[in-house]
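Inside the fold
Each chain, letter by letter, is given below.
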Amino acid sequence: MVLCPECDAEIDVDEGDVDEGDSLSCDECGADLKVVSLSPLELESGEDEEEDEEDDAFTDDADEEEDEEEEEEWK
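Residues numbered from 1 in each chain as written. Predicted model: local features only at pLDDT ≥ 70, side-chain atom pairs only at ≥ 80, totals over all residues. Heavy atoms only, no water.

**Structural notes on the environment of E15**
As for its position among the elements, E15 is in the loop between β2 (10-11) and β3 (23-25). C-alpha separation for the pair E15 and P40, spaced 25 residues apart in sequence, amounts to 9.2 Å. Setting aside residues up to four positions removed in sequence, E15 forms contacts with L38 and L41. (Helix = DSSP H or I, 4+ residues; strand = E, 2+ residues; numbered from the N terminus. Contact = heavy atoms within 4.5 Å.)

In structure tokens:
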């Protein structure tokens, strides 16, 4: 048994049936969740991870543009 990080509902999960990185969903709120730890069993919102990946992609693009601008200034 583990609590949903979004709505605090109890989710019945057998620790032997999941692995770190597996995706689950909450029956109460429908949140997409990811198993981040097995001992103790811990879940995080899968939506948070997607936002982080989008932020990283945006940051990487911005860094590349800054590098290109700096190269132009040196020429």
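**Remarks on the environment of G46**
Within the element layout of this structure, G46 appears in helix α1 (residues 46-74). Residue classification places G46 among the buried residues on the basis of a relative accessible area of 15%. In this structure the C-alpha to C-alpha distance between G46 and L33, which are 13 residues apart in sequence, comes to 4.6 Å. Leave out the neighbours within four places in its chain, and G46 touches D32, L33 and K34. (Buried < 20%, exposed > 50% of the residue type's maximum accessible area, 1.4 Å probe, protein only.)

**Focus on the confidence of the model for the chain**
Overall, the prediction assigns the chain a mean pLDDT of 80, with 63% of residues at 70 or greater. When pLDDT is averaged over each helix and strand of the chain, the minimum, 61, is found for α1 and the maximum, 95, for strand β4 (residues 32-38). (pLDDT = per-residue confidence, 0-100.)

**Observations concerning the sheet that holds β3**
Reading across from one edge, β3-β4-β5 is the order of the 3 strands in this open sheet, with antiparallel pairing throughout. Pairing within the sheet leaves two strands with one partner each, and these edge strands are β3 and β5 (41-45). Strand-to-strand, the axes of this sheet are offset by a mean angle of 45 degrees, without reference to chain direction. Inspection of the sheet shows β3 paired to β4 by 3 bridges, in the antiparallel sense. Paired with S23 across the bridge in β4 is K34. (Pairing = 2+ DSSP bridges. Axes fitted to C-alpha atoms, helices over the stretch in contact; angles between N-to-C directions.)

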